[in-house]
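Structural characterization, general
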Amino acid sequence: MAIEALSKSCLPSSIHCGRRPSVPLSKHPRPSSSSFSSFAAVATTEGNMRISCMNSNTKEQLLVDRRSANYMPSVWDYNFVKSLSADYAEERYMERVQRMKEEVKCTLEKENNLLAKLEFIDAIQRLGLQYHFDNEIKTALQVIQNDSYDARFSNDLHSTALRFRLLRQHGYDVSQDVFESFMDKMSGFKVSLVEDVKGLLSLYEASFHGLEGESLVDEAKAFTCKHLNLLNLEGGIISSCMGKNKPCLGIAYPLETQ
């Protein structure tokens, strides 16, 4: 109602009464800025167009003042960044990098001990250098996958868990049944495994690569988490960082899941 009253006071009667104006709007004298500064067209529910005027005070109220954070200009301008240099980009360092990469590739190809090869691949991944040796790692894991029988993998928890985790990480199909040799007749993990701290840690990390419905892998996670929490090594890393109910962050969240 207020808008209609305002429009009637600002426009000719022929407009707000619904009749076409006899004189085009452009020929009407331009209103002064003190009364109003612009027209606003508003569509009504009946389909008609209602024109109203908006004064300058109303327009000023609609403007939102934006606060300035007054940030200081960055010292990292383009010229400064271009002026930086790295000594290790020199040719002699690049040649050393290439030589070391070739040594790593050669070690991956010539290593015949499957456990040593798995631990070498694991070390490369933990150092974040996997992208340099993707093809070599893929070839080595394919050989390990094909050589399914190895006495060490059936008797050593660390070897079995490490093989399971690395193959699962790279998309190979590995059955959870590889851990059955470490189960007792009560369908639980053998109590003697508690003394194998390295094997427990490897099994704990491997348990994060289980699939839905793999109860044996879930049991492995519960078993290792329980005994790693109960494990008390005086002056050791585990006892210093483990709380009452939770293992330290390095154990609770393995590197592969972060």
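Residues numbered from 1 in each chain as written. Predicted model: local features only at pLDDT ≥ 70, side-chain atom pairs only at ≥ 80, totals over all residues. Heavy atoms only, no water.

1. Focus on the pattern of salt bridges
- Using the criterion set out here, one finds six salt bridges in the structure.
- Here D122 makes a salt bridge to R126, at a shortest N to O gap of 3.1 Å. Taken together, the residues D122 and R126, both in helix α6 (residues 114-126) and four residues apart, mark about one turn of the helix.
- One salt bridge connects R165 with D122, and the closest N-O pair in it is separated by 3.1 Å. Within this pair, whereas R165 is found in helix α9 (residues 157-169), its partner D122 is found in helix α6, the two being separated by 43 residues in sequence. (Salt bridge = Lys/Arg side-chain N within 4 Å of Asp/Glu carboxyl O. Helix = DSSP H or I, 4+ residues; strand = E, 2+ residues; numbered from the N terminus.)

2. Here we look at the packing of α6 against helix α7 (residues 134-146)
- Taken N-terminus to C-terminus, the directions of α6 and α7 make an angle of 145 degrees; their axes are 11 Å apart at the nearest point. Two packed elements cross with a definite hand, and for α6 against α7 that hand is left-handed. Judged by residue contacts, L114, K117, L118, I121 and I124 of α6 engage I137, A140, L141 and I144 from α7.
- For the contact of α6 with α7, the residue count by class is eight nonpolar, no polar and one charged. (Axes fitted to C-alpha atoms, helices over the stretch in contact; angles between N-to-C directions. Left-handed = near helix turned anticlockwise from the far one by under 90°. Contact = heavy atoms within 4.5 Å. Nonpolar A, V, L, I, M, F, W, Y, C, P; charged D, E, K, R; others polar.)

3. Overview of α6
- With 13 residues, α6 extends 18 Å between its outermost C-alpha atoms, agreeing within 8% with the 18 Å of an ideal straight helix rising 1.5 Å per residue.
- Inspection of α6 places L114, L115, K117, L118, I121, D122, I124 and Q125 among the buried residues, and these make up the whole buried set.
- One or two residues past the end of α6 sits G128, with phi positive at roughly 75 degrees. (Expected span 1.5 Å × (residues − 1). Buried < 20%, exposed > 50% of the residue type's maximum accessible area, 1.4 Å probe, protein only.)

4. Observations regarding the packing of α6 against α9
- Between α6 and α9, the least distance of the axes is 10 Å, while the angle of their chain directions is 50 degrees. Here α9 runs oblique to α6, going by the angle between their axes. You can see that α6 and α9 cross each other, and the crossing is left-handed. For the pair α6 and α9, contact is made by L115, L118, E119, I121, D122, Q125 and R126 and by H158, S159, L162, R163, R165, L166 and Q169, respectively.
- Among the residues forming the contact of α6 with α9, the class breakdown is five nonpolar, four polar and five charged. (Parallel < 35°, antiparallel > 145°, perpendicular 65-115°, else oblique.)

5. Structural notes on the nonpolar core
- Judged by nonpolar contacts, the single largest core of 33 residues is most densely connected at I121, I137, L141, F179, F189 and L203.
- Contributions of two or more residues to this core are made by α6, α7, α9, α10 (197-206) and α11 (215-230).
- With six residues, α9 is the largest single contributor of residues to this core.
- With sequence-adjacent residues up to four places away left out, I137 is seen in contact with L108, I121, I124, Q130 and H170. (Core = buried A, V, L, I, M, F, W, Y, C linked by side-chain atoms within 4.5 Å.)

6. Brief notes about the packing of aromatic side chains
- Under the counting rule described, the total for this entry stands at four aromatic pairs.
- Relative to F80, the ring of W76 lies with its centre 5.3 Å away and its plane at 75 degrees, an arrangement referred to as edge-to-face.
- A residue is classified by how much of its surface remains accessible, and W76, at 56% relative accessible area, is exposed.
- On the basis of relative accessible area, F80 is assigned to the partly exposed category, the value being 36%.
- Both rings, one in F189 and one in F223, keep their centres 5.3 Å apart while their planes meet at 25 degrees; by these two values the pair is stacked. One end of the pair, F189, is in the loop between α9 and α10; the other, F223, is in helix α11, with 34 residues separating them in the sequence. Taken as a pair, F189 and F223 share a single burial class, namely buried.
- One cation-aromatic arrangement involves K221 over F208; the distance from NZ or CZ to the ring centre is 4.2 Å. (Phe/Tyr/Trp six-rings, centres within 6.5 Å; stacked < 30°, edge-to-face > 60°. Lys NZ or Arg CZ within 6 Å of the ring centre and 35° of its normal.)

7. Observations concerning the confidence of the model for the protein chain
- In the predicted model, the protein chain carries a mean pLDDT of 74, and 61% of its residues have values of at least 70.
- Here helix α12 (residues 237-241) is the element of the protein chain with the lowest mean pLDDT, 43, and α9 is the one with the highest, 95.
- Residue range residues 234-250 is modelled with pLDDT below 50. Its contacts to residues more than four positions away, or to other chains, number 21 contacts. (pLDDT = per-residue confidence, 0-100.)

8. Focus: α7
- The first and last C-alpha atoms of α7 sit 18 Å apart over 13 residues, in line with the 18 Å expected at 1.5 Å per residue.
- Residues of α7 that are buried: E136, I137, A140, L141 and I144. Seen from one end, α7 has its buried residues packed into an arc of 125 degrees, which puts them on one side. Opposite the packed face of α7, turned more than 90 degrees from it, sit the exposed residues N135, K138, T139 and N146.
- Along its buried surface, α7 packs onto α5 (91-110), α6 and α9. (Arc of directions from axis to C-beta.)

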